[in-house]
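Summary of structural features
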Amino acid sequence: MINFSPRVRFAPSPTGYLHIGGLRTALFNYLFAKHNNGKIVLRIEDTDRNRFVEGAVENLIEILDWSGIYFDEGPTQGGDYGPYFQSKRLELYHSYTKKLLDDKKAYRCFCSPERLKELRESQQKQKLPQIKYDKHCLNLSEDEIQNKLNNNERYVIRLNVQPGELVHVNDIVRGRVEFNTDNIDDQILIKSDGYPTYHLANVVDDHLMKITHVIRGEEWLSSTPKHILLYDYLEWEHPVFAHLPLLLNTDKSKLSKRQGDVAVEDYRDKGYLKETLINFVALLGWNAGDDQEYYDMEELIKKFTLERVNKSGAVFNIEKLNWLNGEHIRKKTIDDLLPELKKLLRSSKYEELSLTDEYLRLVLTAMHERITFVKDIITNSWYFFERPTQYDEKTIKKRWKNDSESLLKQFLDSVEGLENPTKEDFETVLKKVTENNNVGLGRLIHPLRLALSGVGYGPGIFDLIYILGKEEVVERIKKGLDILPKLKNDIQN
RNA sequence: GGCGCGUUCGUCUAGUGGCUUAGGACGCCGCCCUCUCAAGGCGGAGAUCACGGGUUCGAAUCCCGUACGCGCUACCA
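The notes below deal with the structure included here. Given the structure is predicted, the values throughout are model-derived calculations rather than measurements.

1. What to know about the overall build of chain A
A tally of helices and strands in chain A yields 20 helices and eleven strands. Judged by the C-alpha coordinates and their principal axes, chain A covers about 110 × 50 × 40 Å. Across the 493 residues in chain A, those meeting the buried criterion constitute 48%. Pairs at least 24 apart in sequence give 76% of the contacts found in chain A among residues at least 6 apart.

As structure tokens, this is what we get:
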């Protein structure tokens, strides 16, 4: 535990969805803040007007909220350091740019995109070690600048990086990382549309919002020296940095849209629990040092420290994610799962069915240990919602014997004589039939399951019978008796 | 190309100089449980700790080099 109250931020740009890597970054910020009794702020980095996406911010906030990552300050809850949209903080950036300009730490650049492009290409052709701006506009005289300004020429503002110096970052996860300013370009701070670039905005905001720890993805490590320079030129103390390892595709490249789902909402829509996603993503790049794999948010908060974050990238492995979802589903109660099942049923082909909560609870209880997703109940145990219309061939072949028809008939007769049977009544009757015929239980159970469900797998037979109920069981046996002997015959010929 | 970061079973990882014949998890295989399928339990295969040099009595662990991978290299974030 650090001995002061830290302030961290999650600063996504509203691209339309929350990237799973973004969720991990948000989570690590959240865990760090909560573990240390600090505050976490949500700040929207919407400085790229070309990338404006309608509704993106609302969607971002909604999915973050769904995930269980709650912010102390941000667009919805407000706070003392707002506004929390960078697009609403333009004057702030300009006032600090003015100071930079006055101190000659930044300068106006009137170069056209065309000249920049040519410059880059010629540097490339000359095989220069690094490609960067040639400080051409730094040599403009005051008069020239004034002239261009009066002519309303478009310009950007660049950071005036002093070459030949060493800048270092003390990164919590990577240790000391050094950079030579010879390799650092005169970064554009203000674009010609008057909006700041990420580099300027994030430094100004982090300072003004009193951010103590910048926890972000490794893709930012290379531009951190620019940020350090900015803090130095503005004479501000810099925050502590922690660059998180990247989340990777199976081919080890940065997790991207092209190779599968990357949006948190994709996973949510597929039926992953938020608990699963949080648990899984926490273990990608972090480990408490023990063998624990199952976590809830509370435990994560208790155990999380930045010092135990790994350095190397982690492949996002769906197999393990699936297993974890099963684990979290098994930890849920039936009543936790019920609303989700009802929701899924409403949007399935069984939407017209009027099923009681009591019935669904029984189904849920029977299937609880057998599913990875709640939706598996509908896809794997559809026989709870409709009579079998076809019967699995392999199971018929394996389970339908010469005496199956006779045994099933006897069972049917006995069941029809039962009044308000309990699960035990069914069991007694079934045992009686097998005893009378001097055969093992399985001899009747398997054909019965086939008749009731059409498949060879599923919950215990007595649960199945009990859930379906006497009337339905009778109907299904009759139907099975009608069809199964014929099917068996067809298969054999 | 330049700069930076990384490299332990297929994957996620434990390991911070002797406790390691490198431990766990997912997945895979087998056995047990059992009316089936799961769940659960037990066991197995699977890593010359990227490679090469050092340092040390002793290295996955420290140092150097090489290779490979990845990231950044935009008036994107």
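2. As for the nonpolar core
Among the nonpolar cores identified, the biggest contains 53 residues, and Phe 384, Phe 385, Phe 411, Leu 448, Ile 465 and Ile 477 are the most heavily contacted of them. Listing elements by their share of this core, those giving two or more residues are helix H12 (334-346), helix H13 (357-367), helix H14 (376-380), helix H16 (404-416), helix H17 (423-436), helix H18 (441-453), helix H19 (461-468) and helix H20 (470-492). Leave out the neighbours within four places in its chain, and Ile 465 touches Phe 411, Phe 426, Leu 448, Leu 452 and Val 473.

3. What about the packing of aromatic side chains?
Inspection of every chain in the model, using the stated rule, returns 14 aromatic pairs. Where Tyr 198 meets Trp 220, the ring centres are 4.0 Å apart and the plane angle is 20 degrees; that geometry is what we call stacked. With Tyr 198 in helix H6 (residues 198-208) and Trp 220 in the loop between strand E8 (213-217) and helix H7 (224-233), this pair connects stretches of sequence that are 22 residues apart. The exposure class of Trp 220 is partly exposed, given its relative accessible area of 25%. When the ring of Tyr 267 is compared with that of Tyr 272, the centres are 5.6 Å apart and the planes differ by 55 degrees; the resulting orientation is tilted. Both residues of the pair, Tyr 267 and Tyr 272, belong to the buried class. By way of ring pairs, the aromatic residues Tyr 267, Tyr 272, Phe 280, Phe 316 and Phe 373 are connected into one cluster. Over the aromatic face of Phe 28 sits the side chain of Arg 24, whose NZ or CZ is 5.1 Å from the ring centroid.

4. Some points on the side chain of Ser 404
The residue Ser 404 is located in helix H16 in this model. A polar contact is formed between the side chain of Ser 404 and the backbone nitrogen of Lys 401, at a distance of 2.7 Å.

5. Side note on the protein's contact with RNA strand B
Around RNA strand B, the structure places 63 residues, and the nearest of them are Arg 51, Lys 191, Arg 370, His 446 and Gly 456. At 2.3 Å, a side-chain N or O of Arg 370 approaches a base nitrogen of RNA strand B. Gly 456 places a main-chain nitrogen or oxygen 2.3 Å from a sugar or linking oxygen of RNA strand B. For the surface near RNA strand B, the secondary structure elements donating two or more residues are helix H4 (113-125), strand E6 (175-180), strand E11 (314-315), helix H11 (318-331) and H18. Among the elements that line the surface near RNA strand B, the one with the most residues is H11, at five residues. Looking at the surface near RNA strand B residue by residue, the classes come out as 21 nonpolar, 19 polar and 23 charged.

6. Brief notes about the pattern of salt bridges
Within this structure, the stated rule accounts for 38 salt bridges. Here Arg 49 and Asp 193 are joined by a salt bridge, their closest N and O atoms 3.3 Å apart. With a gap of 144 residues between them, Arg 49 in the loop between strand E2 (39-42) and helix H2 (56-67) and Asp 193 in the loop between strand E7 (188-190) and H6 connect regions that are remote in the sequence. Residue Arg 49 is classed as partly exposed on the basis of its relative accessible area, which comes to 47%. The partner of Asp 205 in a salt bridge is Arg 89, and the shortest N-O contact between them spans 2.7 Å. In this pair, Asp 205 sits in helix H6 while Arg 89 sits in the loop between H2 and helix H3 (90-102), placing the two residues 116 residues apart along the sequence.

7. Structural notes on the layout of surface pockets
Looking at the largest pocket, its volume works out to about 1,300 Å³. Taken together, 43 residues form the lining of the largest pocket, with Ala 11, Pro 12, Ser 13, Thr 15 and Trp 220 sitting closest to its centre. The set of elements that each furnish at least two residues to the lining of the largest pocket consists of strand E1 (7-10), helix H1 (20-35), H2, H6 and E8. In terms of residues, the lining of the largest pocket owes the most to one element, H1, which gives four residues.

8. Quick look at the pairing of E2
With four bridges connecting them, E1 and E2 associate as parallel partners. Within E2, the position partnered with Arg 9 by the bridge is Val 41. After leaving E1, the chain enters H1 and then returns to the sheet as E2, a path that is right-handed.

9. Quick look at the sheet that holds strand E3 (residues 106-109)
Taken in spatial order, the three strands make up an open sheet running E3-E4-E7, and their pairing is antiparallel. Sheet topology places E3 and E7 at the edges, where each strand pairs with a single neighbour. Neighbour-to-neighbour, the strand axes of this sheet turn through a mean angle of 40 degrees, independent of strand direction. Across two bridges, strand E4 (residues 156-159) lies against E7 in antiparallel orientation.

10. Structural notes on the environment of Leu 119
Its place among the elements puts Leu 119 in helix H4. In sequence terms Leu 119 and Leu 321 are 202 residues apart; their C-alpha atoms lie 48 Å from each other. Residues in contact with Leu 119, not counting those within four places in the same chain, are Lys 132, Tyr 133 and Asp 134.

11. Some details on H6
For H6, the tally of buried residues reaches nine of eleven residues, placing the bulk of the element in the interior. Turning to H6, its buried residues are Tyr 198, His 199, Leu 200, Ala 201, Asn 202, Val 203, Val 204, Asp 205 and Asp 206. Buried residues along H6 sit against E1, H3, E7, E8 and H7. At the exit of H6 stands Lys 210, carrying a positive phi of roughly 55 degrees.

12. Section: the environment of Glu 153
By the secondary structure assignment, Glu 153 is in the loop between helix H5 (142-150) and E4. Judged by relative accessible area, Glu 153 falls into the partly exposed class, the value being 31%. Note: C-alpha distance between Glu 153 and Phe 71 (82 residues apart in sequence) is 42 Å.

Rules of the game
Residues numbered from 1 in each chain as written. Chains lettered and ligands numbered in written order. Predicted model: local features only at pLDDT ≥ 70, side-chain atom pairs only at ≥ 80, totals over all residues. Heavy atoms only, no water. Helix = DSSP H or I, 4+ residues; strand = E, 2+ residues; numbered from the N terminus. Buried < 20%, exposed > 50% of the residue type's maximum accessible area, 1.4 Å probe, protein only. Contact = heavy atoms within 4.5 Å. Core = buried A, V, L, I, M, F, W, Y, C linked by side-chain atoms within 4.5 Å. Phe/Tyr/Trp six-rings, centres within 6.5 Å; stacked < 30°, edge-to-face > 60°. Lys NZ or Arg CZ within 6 Å of the ring centre and 35° of its normal. Polar contact = N/O pair within 3.5 Å; in protein donor to acceptor, adjacent residues only side chain to side chain. Near = heavy atom within 4 Å. Nonpolar A, V, L, I, M, F, W, Y, C, P; charged D, E, K, R; others polar. Salt bridge = Lys/Arg side-chain N within 4 Å of Asp/Glu carboxyl O. 1 Å grid on protein atoms, 1.4 Å probe; cavity = no way out; pocket = protein on both sides within 12 Å on 5 of 7 lines; lining within 4 Å. Points joined across faces, edges and corners; volume = space filled by probe spheres on them. Pairing = 2+ DSSP bridges. Right-handed = clockwise from strand over helix to strand, strands pointing away. Axes fitted to C-alpha atoms, helices over the stretch in contact; angles between N-to-C directions.

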